[in-house]
Amino acid sequence: HSALSLSVALRLFIDGLPKAGWLIGWSMVIAFSRLYAGLHYPSDILGGFALAFISNYLVVRIAKVRRLVNFIYGTWETIVGVFLFLRTHRNGRHH
């Protein structure tokens, strides 16, 4: 419960949702309620929070790498397209 609620709250916070801070606070309430009810040990909660932070970090990093790869691929496609166009239309003659 704690890992899921914090993970969702962090994702929305990173994406810039205006009231995501409240969701992070709510995930802390959920964590405290799990401890208070005796359903989890503190290490369970801390492990869940660590999992939430690590998974969000990895998602952000993968997204950045993917955008970079898409940019490089798009640039390469443009260069090859221009080269092929110039090759087939050199000196105003179409071959």
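In what follows, the structure referred to is the one given above.
Keep in mind that this is a model prediction, so the values were computed, not measured.

Chemist: Looking at this structure, I do not really get the packing of helix H1 (residues 2–14) against helix H2 (residues 20–36). What am I missing?
Modeler: Two packed helices can be described by the angle between their axes and the distance between those axes. At a closest axis distance of 8 Å, the pairing of H1 and H2 adopts a crossing angle of 170 degrees. Regarding the angle of H1 to H2, the classification is roughly antiparallel. The segment H1 lies against H2, with Ser-2, Ser-5, Leu-6, Ala-9, Leu-10, Leu-12 and Phe-13 engaging Ala-20, Gly-21, Leu-23, Ile-24, Ser-27, Met-28, Ile-30, Ala-31 and Arg-34.

Chemist: Before we go on, may I ask you to explain the pattern of salt bridges in this structure?
Modeler: A side chain of one charge can pair with a side chain of the opposite charge when the charged atoms of the two come close. Applying the stated criterion across every chain, the model contains one salt bridge. Here Arg-11 ties to Asp-15 by a salt bridge, and the two come within 2.7 Å at their closest N and O atoms. Asp-15 sits in the exposed class, given a relative accessible area of 55%.

Procedures and definitions
- Residues numbered from 1 in each chain as written.
- Predicted model: local features only at pLDDT ≥ 70, side-chain atom pairs only at ≥ 80, totals over all residues.
- Heavy atoms only, no water.
- Axes fitted to C-alpha atoms, helices over the stretch in contact; angles between N-to-C directions.
- Helix = DSSP H or I, 4+ residues; strand = E, 2+ residues; numbered from the N terminus.
- Parallel < 35°, antiparallel > 145°, perpendicular 65-115°, else oblique.
- Contact = heavy atoms within 4.5 Å.
- Salt bridge = Lys/Arg side-chain N within 4 Å of Asp/Glu carboxyl O.
- Buried < 20%, exposed > 50% of the residue type's maximum accessible area, 1.4 Å probe, protein only.

The values reported here are purely geometric and, on their own, carry no functional implication.
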